[in-house]
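# Reading the structure
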Amino acid sequence: MQGLALFDLDDTLAARQSALSGALTRLCRSHGFSSDVEQWLRIELADRATANDFTRLQDAFELEESATDLWQEYVDLMSAAVTCRPEVLEGLARLRAAGWTICVVTNGAGDIQRAKLAGTGLVSLINGIAASGDLEIRKPDRRLFELAATRCGVSLADGGWMIGDNPGGDIGGGHQAGLRTIWLRGRPWPDGLLAAHHVVDDVTDAITILLNENWE
């Protein structure tokens, strides 16, 4: 097996949920949006966000603001608010030093996911990213994992690992892609889904498992 580690981004490497709350509060206050608008955003953007969400927002509330401008403002706010803990950055640096190829496989628009990588400092520690918005497909679709491997100059046929918090998208998708898997527990585990190879409480625990893996 090759030393390939595919990581989910949101709430695996980077803390999306805490960043989302602050970003939406600042966005709504800067425009004087009503509590109804803010509540709509918190519900609709709870799991993911795309530029189309702000078109729907504009239509639903007949806002004067440009949907394009609101989306860009949201991207900027999220990239400034999202964080990655120092110990995670250090762990990824150790993986790279040990010869691992690291890629982010994420459901989300390419522009905002890349902005998060830049804002957290993760961009310098990975070999590539495959965002669902790049192909308009989402995990668990195997093609997104294949795109990630290709962008890192490797092949899924040689194996690797998928690490993430979403049972279906990350673990189910990882299994379909022929990868070994590590699940960050937290979300409900669906009936009938094949178990992950490892279950951990924190992504740093997953990195430790990989560092102890003899893949050469």
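Our subject in this report is the structure included herewith. These numbers come from a predicted model, not from an experiment. (Residues numbered from 1 in each chain as written. Predicted model: local features only at pLDDT ≥ 70, side-chain atom pairs only at ≥ 80, totals over all residues. Heavy atoms only, no water.)

Next up on the list: the nonpolar core. One finds Phe 7, Leu 41, Phe 54, Tyr 74, Leu 92 and Ile 163 to be the most contacted residues of the largest nonpolar core, which totals 53 residues. Top contributing element to this core by residue count: helix H4 (residues 67–81), with seven residues. Those residues in contact with Ile 163, other than ones at most four positions away along the chain, are Ala 5, Leu 6, Phe 7, Asp 8, Thr 12, Ile 182, Leu 184, Val 203, Ala 206 and Leu 210. Counting 16 residues, the second largest nonpolar core, distinct from the first, contains Cys 103, Leu 147, Leu 156 and Met 162. (Core = buried A, V, L, I, M, F, W, Y, C linked by side-chain atoms within 4.5 Å. Buried < 20%, exposed > 50% of the residue type's maximum accessible area, 1.4 Å probe, protein only. Helix = DSSP H or I, 4+ residues; strand = E, 2+ residues; numbered from the N terminus. Contact = heavy atoms within 4.5 Å.)

Strand-to-strand pairing in sheets goes through backbone hydrogen bonds, with the strands running parallel or antiparallel. Strand order in this open sheet of six strands is S3-S2-S1-S4-S5-S6, and the pairing throughout is parallel. With one partner strand each, in any of the chains shown, strand S3 (128–131) and strand S6 (198–200) form the two edges of the open sheet. Here the average twist between neighbouring strands, direction ignored, is 20 degrees. For strand S2 (residues 101–106) and S3, the ladder comprises four bridges, and the chain directions are parallel. The partner of Val 104 across the bridge, within S3, is Ile 129. The strands that helix H8 (residues 142–151) touches are strand S1 (4–7), S2, S3 and strand S4 (161–164); relative to S3, the one it contacts most, it runs at about 160 degrees. (Pairing = 2+ DSSP bridges. Axes fitted to C-alpha atoms, helices over the stretch in contact; angles between N-to-C directions.)

Assignment of secondary structure puts His 31 in helix H1 (residues 16–31). Judged by its relative accessible area of 27%, His 31 falls in the partly exposed class. Put simply, His 31 and Leu 70 are 39 residues apart on the chain and 9.7 Å apart in space, counted from C-alpha to C-alpha. With residues up to four places along the chain from it excluded, the contact list for His 31 reads Glu 65, Leu 70 and Glu 73.

Turning our attention to the pattern of salt bridges. On inspection of all chains with the given rule, the structure shows 16 salt bridges. When the shortest N-O distance is used, the salt bridge between Lys 139 and Asp 8 registers 2.9 Å. With a gap of 131 residues between them, Lys 139 in the loop between helix H7 (132–135) and H8 and Asp 8 in the loop between S1 and H1 connect regions that are remote in the sequence. The two residues Lys 139 and Asp 8 agree in class, both being buried. With its nearest N and O atoms 2.6 Å apart, the salt bridge here joins Asp 170 to Lys 139. Here the residue Asp 170 occupies a position in helix H9 (residues 167–176), and Lys 139 occupies one in the loop between H7 and H8, the gap between them amounting to 31 residues. Comparing Asp 170 with Lys 139 shows no difference in burial state: the two are buried. Via salt bridges that share partners, Glu 44, Arg 48, Asp 53 and Arg 56 belong to a single interconnected network. (Salt bridge = Lys/Arg side-chain N within 4 Å of Asp/Glu carboxyl O.)

Attention now goes to the environment of Thr 83. Within the secondary structure, Thr 83 sits in the loop between H4 and helix H5 (86–97). Overall, the relative accessible area of 44% leaves Thr 83 in the partly exposed class. Counting along the chain gives ten residues from Thr 83 to Ala 93, while the straight-line C-alpha distance between them is 16 Å. Those residues in contact with Thr 83 that lie beyond four places of it in its chain are Leu 13, Ala 14, Ala 15 and Thr 120.

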